[in-house]
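Coordinates in review
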Amino acid sequence: MSILITRPYKQSLQLARCLEDLGFSTEIEPLLEIDPLPHPPIQWLNFDAVIFTSANALTCLTSFSPDIDCICVGNTTAKAALTKGFKKVYSCDKDVNSLISYIRNHYPQGKSFLYLSGETVSIDLNHSLQGSYLYTIVVYRTLMKQSFSPGIIHKFQRFEID
């Protein structure tokens, strides 16, 4: 059985290894590309905590403060933050609502948060965290391919991908 993996390339490699260890063959054809965006230097000391809702934002950081509280959505993002070198990492289940609840329960109003995000977000954290100061920096955008490569199309036509 051959499985097509369409995640961004670096994420595809890890998944492909896991699937191949289970006996599957894999094809990698990323349909998404993470495009880092230029951003101003971050003044880490101005913030009480940094928020990540995607591990992709972590890959786009050129500098960071390892001692700042790092609040993440999901264990994958939390693991990426630990790998990056953050020391105080908190994982909030798998959705942004649990992150909002965590912040409300663990930080008093008036605290300052840095949100490093992608260009497209699912929830307006500014609205959800009223009473706190939230500064957002967009550090990446997701580019979508419009079609499969001719090689993958050919494999589909020959039923080589399940």
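Quick note: structure is the one above.
Let me sum up the structure you'll find in this document. (Residues numbered from 1 in each chain as written. Predicted model: local features only at pLDDT ≥ 70, side-chain atom pairs only at ≥ 80, totals over all residues. Heavy atoms only, no water.)

Applying the stated criterion across every chain yields a total of 6 salt bridges. Between Glu-27 and Lys-155 there is a salt bridge, with the nearest N and O atoms lying 2.6 Å from each other. Of the two residues, Glu-27 sits in strand S2 (residues 25–28) while Lys-155 sits in helix H6 (residues 150–157), which places them 128 residues apart along the sequence. What makes Lys-155 partly exposed here is its relative accessible area of 24%. Residue Lys-145 pairs with Glu-29 through a salt bridge whose shortest N-O separation is 3.0 Å. You can see Lys-145 sitting in the loop between strand S8 (133–144) and H6 and its partner Glu-29 sitting in the loop between S2 and strand S3 (32–36), a full 116 residues away along the chain. (Salt bridge = Lys/Arg side-chain N within 4 Å of Asp/Glu carboxyl O. Helix = DSSP H or I, 4+ residues; strand = E, 2+ residues; numbered from the N terminus. Buried < 20%, exposed > 50% of the residue type's maximum accessible area, 1.4 Å probe, protein only.)

Turning our eyes to something else, we now look at the nonpolar core. Core analysis: the biggest nonpolar cluster contains 22 residues, and Trp-44, Val-50, Phe-52, Phe-86 and Leu-116 have the highest contact counts within it. Elements represented by at least two residues in this core include exactly strand S4 (49–52), helix H2 (55–59), strand S5 (69–72), helix H3 (75–84), strand S7 (112–118) and S8. Per-element accounting of this core gives the leading share, 3 residues, to S8. Not counting residues up to four positions away in its chain, the partners in contact with Phe-52 are Ala-57, Leu-58, Leu-61, Cys-70, Ile-71, Cys-72, Val-73, Thr-77, Phe-86, Leu-99 and Leu-116. (Core = buried A, V, L, I, M, F, W, Y, C linked by side-chain atoms within 4.5 Å. Contact = heavy atoms within 4.5 Å.)

Another aspect to go through is H3. Among the residues of H3, Thr-77, Ala-78 and Ala-81 are the ones counted as buried. Angular distribution of buried residues about the axis of H3 spans 100°; they occupy a single face of the element. Facing away from the buried side of H3 by over 90 degrees, the exposed positions are Thr-76, Lys-79 and Thr-83. Buried-residue contacts for H3 involve S4, H2, S5 and strand S6 (88–91). Positive backbone phi, at 125°, marks Gly-85, one or two positions downstream of H3. (Arc of directions from axis to C-beta.)

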